[in-house]
Amino acid sequence: MTARPPPSFFASWPAFLWLFFLVWTAIAAVVLPFGLGAAEIREWIYARDLRFALIQFIGYCDVVWVVLAAVLSYLALVRNEGLAVARRWSLVLLAGSASLAAIGALTGFPFGPFIYTGRFGWRILGVVPFAVPLLWLTVVVCARYAVLVLRPAASRWQLALGTGFLSLLTDLNLEPVAWKVRAYWLWYPQQSGAQAYPPLQNYATWFVAATLLALAFPSRGVDRSAAPRDRQAVTILALLNGVYLLVHLVRGLRG
C-alpha cells in the first residue's frame, strides 16, 4: 500500500508563516509607534473580558514579532546552507549572544551599564529575556544575506564586516525604541540624571560581535540556486528597521 502524500498545508507552512509574519509586522507598525499599552486599553475598552484579552495581546506583541522573524531567519539558513549547517550556526548565534548579553547584564561589560526588564519575554535563568538571542540571530543572519544579495562575490572578510556594519545600523535604529519606548532594557539604571543615548561601547560591541559571528560562518552554501530566497531574509531586516524608523517618525511628529 502506498503512503498518502502529506496534506498540502505541511508542504506550504513556511508560506503561511511568512504571511503571518507580514500580518504581525502590520500590527507592530501600529502598536509600537503609538505606544499602545495596558493604560490605553483600560481607557478605551470597558468590556472586562475583551480588555483583558487585548492587554495580553499587546503585552506579547513585541515578543511574538521577534520569534516569527527568528524562525523565518532560521528557515532561510536551512534553505540556503542545509539543515546541519543551519543548526550549527543557530546554536552558535543563540549561545554566543545569550552569553554575551548575560555577561553584560551582570557586569556592565562590554555594552555598558544596563538592566533587562520583563517586557521582552521570560528571562533565561532570570537574567536574559529569551527574545534577545532570537533578535541577535535575526539581525546577524539577515544582515549577512543582505550583504550577499548586494555583493554576491564578497570575500569572507567583506561579508563579515558588511554583516557587522548592517547589524550596527540596525542597533542604532533599535536602541531608542527598545529603551525609551518599549523598555525592553534600561540604560544607566544606577544613575539619577537623564541620559540621551546609550554608551558608545554598546554600538562598538554590536559591530565587533556581529562581525566575529559572521566570520565564524565561512560556508558558501549548499545550493546557490536558492540564492534568490535570500531576499526574504533581506525583507525581514528591512521590515524590522522600517517599523523602528516609523516609531522615530511618529514620536518626532508628536513632539
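Definitions and limits used
Residues numbered from 1 in each chain as written. Predicted model: local features only at pLDDT ≥ 70, side-chain atom pairs only at ≥ 80, totals over all residues. Heavy atoms only, no water. Helix = DSSP H or I, 4+ residues; strand = E, 2+ residues; numbered from the N terminus. Buried < 20%, exposed > 50% of the residue type's maximum accessible area, 1.4 Å probe, protein only. Core = buried A, V, L, I, M, F, W, Y, C linked by side-chain atoms within 4.5 Å. Contact = heavy atoms within 4.5 Å. Expected span 1.5 Å × (residues − 1).

## Some words on unusual backbone geometry
Geometrically, the link from Phe 109 to Pro 110 is a cis peptide bond, its omega value of 5° lying close to zero. Relative to the assigned elements, Pro 110 resides in the loop between helix H4 (83-107) and strand E1 (114-116). Unlike most non-glycine residues, Ala 183 shows phi in positive territory, near 55°. Within the secondary structure layout, Ala 183 lies in the loop between helix H6 (156-181) and strand E4 (185-187). A residue is classified by how much of its surface remains accessible, and Ala 183, at 16% relative accessible area, is buried. Phi angles above zero are rare outside glycine, and Tyr 188 is one such case at about 55°. Mapped onto the elements, Tyr 188 comes out in the loop between E4 and helix H7 (200-215).

## Observations concerning the nonpolar core
The biggest cluster of nonpolar side chains holds 74 residues, and the ones touching the most others in it are Leu 32, Trp 65, Phe 120 and Trp 185. It is helix H5 (residues 131-150) that contributes the most residues to this core, 15 residues altogether. When residues no more than four places from it in sequence are discounted, the contact partners of Phe 120 are Asp 62, Val 63, Val 66, Pro 129, Phe 130, Ala 131, Val 132, Leu 135, Tyr 184 and Trp 185.

## Focus: H4
Helix length check: H4 (25 residues) gives 36 Å between terminal C-alpha atoms against 36 Å at 1.5 Å per residue, within 8%. Buried residues along H4 sit in contact with helix H3 (48-81), E1, strand E3 (128-129), H5 and H7. Among the residues trailing H4, Gly 108 stands out with phi positive, at a value near 85°.

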